[in-house]
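Below, each chain spelled out in residue letters.
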Amino acid sequence: MSDQDLICVGAIAGAYGVRGEVRVKSYCAVPEDIESYRPLYAEDGRRTFTLALLHPVKNGFAARIAEITTKEEADDLRGVSLFAARDQLPGLPDDEFYHADLIGLEVYDTGGTLLGRVKTVQNHGADDLLELQLAGTSATTFLPFTKAAVPTVDLASGRIVADPPLGVLPDATDG
């Protein structure tokens, strides 16, 4: 299965209890939906998991994975991202995107100048932020992923048109 076929839907945050249960963070719009995607894959696509949610806990769920029976095995899974096959996921409205589809897109300003490429998509509590690898440099900057700052996302052509707020891009006169 290729990277394009998998979408990150959650992560294992560590052990929960002493019988091999895990704490799971869900990135799904309806958090409980993570349980319905079967199987879930590790990032490498080689390991698979089937989750059974037990109950909500702070910032996620306590869950059972059939093959995991000890706290030590559960601890070893801390930080493992969980991916679902794209064809299991619901379709999205025209103005919503899976983060995986945005990464790698070229970003142009409204005048057609290449600003850079989307390196990551992050969310620290408010709106999503596109981390841009700026064209011709190793520097990055964060662009708010709002309709005002990103009026156009064209997945078919692999490009984004952005109107960055003042201060987002380095000033060319800073030398």
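Heads up: these notes are all about the structure in this document. Residue positions are counted from 1 within each chain, in the order its sequence is given. Under the rules for a predicted model, residues below a pLDDT of 70 receive no local features and side-chain atom pairs below 80 are neither given nor counted, while totals for whole chains, interfaces and linings still include all residues. In computing side-chain values, all of the structure's heavy atoms are included and hydrogens and water are not.

**Examining the overall build of the protein chain**
Every helix listed is a DSSP run of H or I at least four residues long, and every strand listed is a run of E at least two residues long, numbered separately from the N terminus. Check the secondary structure of the protein chain and you find two helices and 13 strands. Based on the C-alpha atoms only, the size of the protein chain along its principal axes is roughly 60 × 35 × 25 Å. Only protein chains enter the area calculation, which uses a 1.4 Å probe; residues under 20% of their type maximum are buried, those over 50% are exposed, and those in between are partly exposed. Scored against the burial criterion, the 175 residues of the protein chain give a buried share of 36%. Contacts were defined at the residue level, with two residues in contact if any of their heavy atoms lie within 4.5 Å. Taking as baseline every contact in the protein chain between residues at least 6 positions apart, the subset at least 24 positions apart corresponds to 47%. All accessible areas in this document rest on Shrake-Rupley with a 1.4 Å probe, and a residue is counted as covered only by the protein chains that are shown. Entry remark: accessible area of the protein chain is about 10,100 Å², with carbon and sulfur atoms responsible for 50%. We score Asp and Glu as negative and Lys and Arg as positive, and we do not count His or the chain ends. By convention, charge coordinates are those of NZ in Lys, CZ in Arg, CG in Asp, or CD in Glu. The protein chain carries 15 positive and 27 negative side-chain charges, and their two centres are separated by 8 Å.

**So, the environment of Phe 145**
Positionally, Phe 145 belongs in the loop between strand S11 (140-144) and strand S12 (152-154). Each C-alpha atom of the pair Phe 145 and Ala 29 lies 17 Å from the other, and the pair is 116 residues apart in sequence. In this structure, Phe 145 is in contact with Phe 97, Leu 102, Asp 128, Leu 129, Leu 130, Val 150 and Val 153, ignoring residues within four places of it in sequence.

**Concerning the nonpolar core**
Here, the term nonpolar core denotes a set of buried Ala, Val, Leu, Ile, Met, Phe, Trp, Tyr and Cys residues that are joined through side-chain atoms within 4.5 Å. The biggest cluster of nonpolar side chains holds 25 residues, and the ones touching the most others in it are Val 9, Ile 34, Leu 40, Leu 51, Ile 65 and Leu 82. Looking at this core, the elements with two or more residues in it are strand S1 (6-15), strand S2 (22-26), strand S5 (51-57), strand S6 (60-65) and strand S7 (81-85). A per-element tally of this core places S1 first, with four residues. If near-sequence neighbours (up to four positions away) are discounted, Leu 40 is found in contact with Val 9, Ile 34, Arg 47, Thr 48, Phe 49, Leu 51, Leu 82, Phe 83 and Ala 84. Counting residues in each nonpolar core, the second largest holds 16 residues, with Leu 102, Leu 105, Leu 115 and Leu 143 among its members.

**Regarding the side chain of Glu 131**
By the element assignment, Glu 131 lies in strand S10 (residues 128-134). It is Lys 119 that comes nearest to the buried, bridge-free Glu 131 among opposite-charge side chains, at 4.3 Å. With residues up to four places along the chain from it excluded, the contact list for Glu 131 reads Arg 117, Val 118, Lys 119, Thr 120, Gln 122, Thr 140, Thr 141 and Phe 142. Whenever Lys or Arg places a side-chain nitrogen within 4 Å of a carboxyl oxygen from Asp or Glu, that contact is recorded as a salt bridge.

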